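Structural overview for review
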Amino acid sequence: MATRLVQINMKAHDDAALGRFWAEALGWGIDSEGPGVTNLEPVGFTYPDPAAVCIDLIARPEPKTVKNRVHLDLATTSTAHQEELVARLKSLGATPVDVGQGDVPWTVMADPEGNEFCVLEPRQVYRDTGPIAAVVVDCTDPREMARFWGEAMDWTLHEVTGDSATMRSAKGVGPYLEFLRTPDTKSGWNRVHLDVRPYPGDAPAAEADRLRSLGATDPGIDQSAIHWTILADPEGNEFCLLTPA
């Protein structure tokens with residue numbers, strides 16, 4: 001039994017408008033499975049496929065009050081491409097932000113609803129990831145997060161240190177999943193979280209129990225009206241275990 005990362009879930013005041021921003025930013029297509037839900041994936045993509053981690057935007061009224069603990073890093077192929085992408089994102093409504101990054105070669109920005117993301121300088125490691133270089137999760141213990149997520153999913157661990165940990169799909173395609181040690185502590189529910197999915201034939205309840213045995217916890221909310229399972233990783237970050245597909 002195993003899961004794999006298939007999408008990130010992002011709360012939005014206006015899911016349609018924020019969806020248009022991210023679709024333009026990534027060059028992806030837009031779909032919707034119902035009111036208040038906007039789905040983004042590459043054009044011609046067959047879900048699920050490790051070549052891309054999709055984005056689901058869900059309408060919620062709660063305001064954003066703290067820095068997100070999960071964000072996207074966008075890939076570029078040259079210094080000129082980085083400059084062009086930053087300029088284009090600004091024209092779409094993104095703004096530069098200071099999260100204490102100091103003098104770094106990448107550009108920290110926020111989307112129109114304030115969700116932080118980074119436009120990276122060109123790096124060889126991200127040459128074949130597609131527009132999203134990495135999904136980055138802030139944490140206090142990258143080694144423990146690598147231990148949990150390395151056993152929770154069938155992705156391959158590439159590097160683990162006291163400051164960061166890096167994973168990628170077992171097929172070596174698509175974006176990386178990275179855990180970055182930060183001094184910040186989690187405060188409230190994450191506005192951006194990971195969604196993982198078991199493989200066809202796996203029993204969702206048994207997979208949820210397996211994840212709990214690895215250190216996942218239940219967030220203590222009523223889940224009787226949903227067909228997926230909400231859990232939290234060892235640092236309390238919520239994630240959704242979707243139905244097999």
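So, here is what we can say about the structure in this document. (Residues numbered from 1 in each chain as written. Predicted model: local features only at pLDDT ≥ 70, side-chain atom pairs only at ≥ 80, totals over all residues. Heavy atoms only, no water.)

1. Remarks on the sheet that holds strand 5 (residues 70–74)
- The strand order 6-7-8-5-9-12-11-10 describes an open sheet built from eight strands, whose pairing is mixed. This sheet does not close on itself; its edge strands, each paired only once, are strand 6 (95–96) and strand 10 (156–160).
- Note: strand 9 (residues 132–139) against strand 12 (residues 176–181), six bridges, orientation parallel. If you follow D138 over to strand 12, its bridge partner there is L180.
- Contacting strand 9, strand 10, strand 11 (164–168) and strand 12, helix 3 (residues 142–152) runs over the sheet at an angle of about 20° to strand 11. (Pairing = 2+ DSSP bridges. Helix = DSSP H or I, 4+ residues; strand = E, 2+ residues; numbered from the N terminus. Contact = heavy atoms within 4.5 Å. Axes fitted to C-alpha atoms, helices over the stretch in contact; angles between N-to-C directions.)

2. Side note on the nonpolar core
- W22, L74, L89, W149 and L177 are the most contacted members of the largest nonpolar core, which has 53 residues in total.
- Look past the residues within four positions of L89 in its chain and what remains in contact with it is F21, A25, L74, A94, M109, F117 and V119.
- Listed in part, the nine residues of the second largest apolar core include V108, C118, A133 and V136. (Core = buried A, V, L, I, M, F, W, Y, C linked by side-chain atoms within 4.5 Å. Buried < 20%, exposed > 50% of the residue type's maximum accessible area, 1.4 Å probe, protein only.)

3. Describing the packing of aromatic side chains
- Under the criterion given, the structure shown has seven aromatic pairs.
- On the numbers, 5.0 Å between centres and 70° between planes, the contact of W22 with F117 is edge-to-face. Separated by 95 residues along the polypeptide, W22 in helix 1 (residues 15–26) and F117 in strand 8 (residues 116–119) bring together distant segments of the chain.
- For the ring pair W149 and F239, a centre distance of 4.9 Å and an interplane angle of 65° mean the geometry is edge-to-face. Of this pair, W149 sits in helix 3 while F239 sits in strand 15 (residues 238–241); the two residues are 90 residues apart in sequence, bridging distant segments of the chain. When sorted by exposure, W149 lands in the same class as F239, which is buried.
- Aromatic ring contacts, followed pair by pair, group F21, W22 and F117 into a single cluster.
- The ring of Y199 has R4 lying over it, and the distance from NZ or CZ to the ring centre is 4.1 Å. (Phe/Tyr/Trp six-rings, centres within 6.5 Å; stacked < 30°, edge-to-face > 60°. Lys NZ or Arg CZ within 6 Å of the ring centre and 35° of its normal.)

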